[in-house]
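The chain contents come next:
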Amino acid sequence: QHFASIPPSPGFTDRHGSATMVDVGGAVVSSLGLLLCCYVFYLVTDYRLLPAIRVVCEKLHVPDDVAGATLLGASLNAPELFTSVVSTFFTKNSVGVGIVLGSCNFNI
């Protein structure tokens, strides 16, 4: 069997058809990159976004549960909103529909 039962790319096999170290190394580098992105997302959210939302809630006298359901939800989905608006209205592309449908899994 090949690495994780995924057939290797035609350019990355040896003469026997098995996965090479380049194929396995690419998976490792991709996994480490994904972990790094998740960690940076955690840092930005924890040290920048949550304190900013706390200040807004104190100024506007918004309860914590309402702030978590509205302000935090809106701020975490803002990149998807702007990407879909730009792709729909400015580039005349169908990426906006894919963004909305694809992000539904993570928003639930």
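Structural data are supplied above this passage.
As the structure is a computational prediction, the values presented were derived from the model and not from experiment. (Residues numbered from 1 in each chain as written. Predicted model: local features only at pLDDT ≥ 70, side-chain atom pairs only at ≥ 80, totals over all residues. Heavy atoms only, no water.)

On to the side chain of Thr45. Among the secondary structure elements, Thr45 is positioned in helix H1 (residues 21-60). Since its relative accessible area comes to 16%, Thr45 is described here as buried. Every residue in contact with Thr45, bar those within four places of it in the chain, is listed here: Leu50 and Leu76. (Helix = DSSP H or I, 4+ residues; strand = E, 2+ residues; numbered from the N terminus. Buried < 20%, exposed > 50% of the residue type's maximum accessible area, 1.4 Å probe, protein only. Contact = heavy atoms within 4.5 Å.)

Turning our attention to the packing of aromatic side chains. Here the structure, examined in full by the defined rule, presents one aromatic pair. Aromatic pair Tyr39 and Tyr42: ring centres 6.1 Å apart, planes at 40°, arrangement tilted. Within this pair, Tyr39 and its partner Tyr42 are both found in helix H1, separated by three residues, close to a single helical turn. (Phe/Tyr/Trp six-rings, centres within 6.5 Å; stacked < 30°, edge-to-face > 60°.)

Further remarks concern unusual backbone geometry. Of note in the backbone geometry, His61 takes a positive phi value of approximately 55° without being a glycine. With respect to the helices and strands, His61 occurs in the loop between H1 and helix H2 (64-69). With relative accessibility at 71%, the residue His61 sits in the exposed group.

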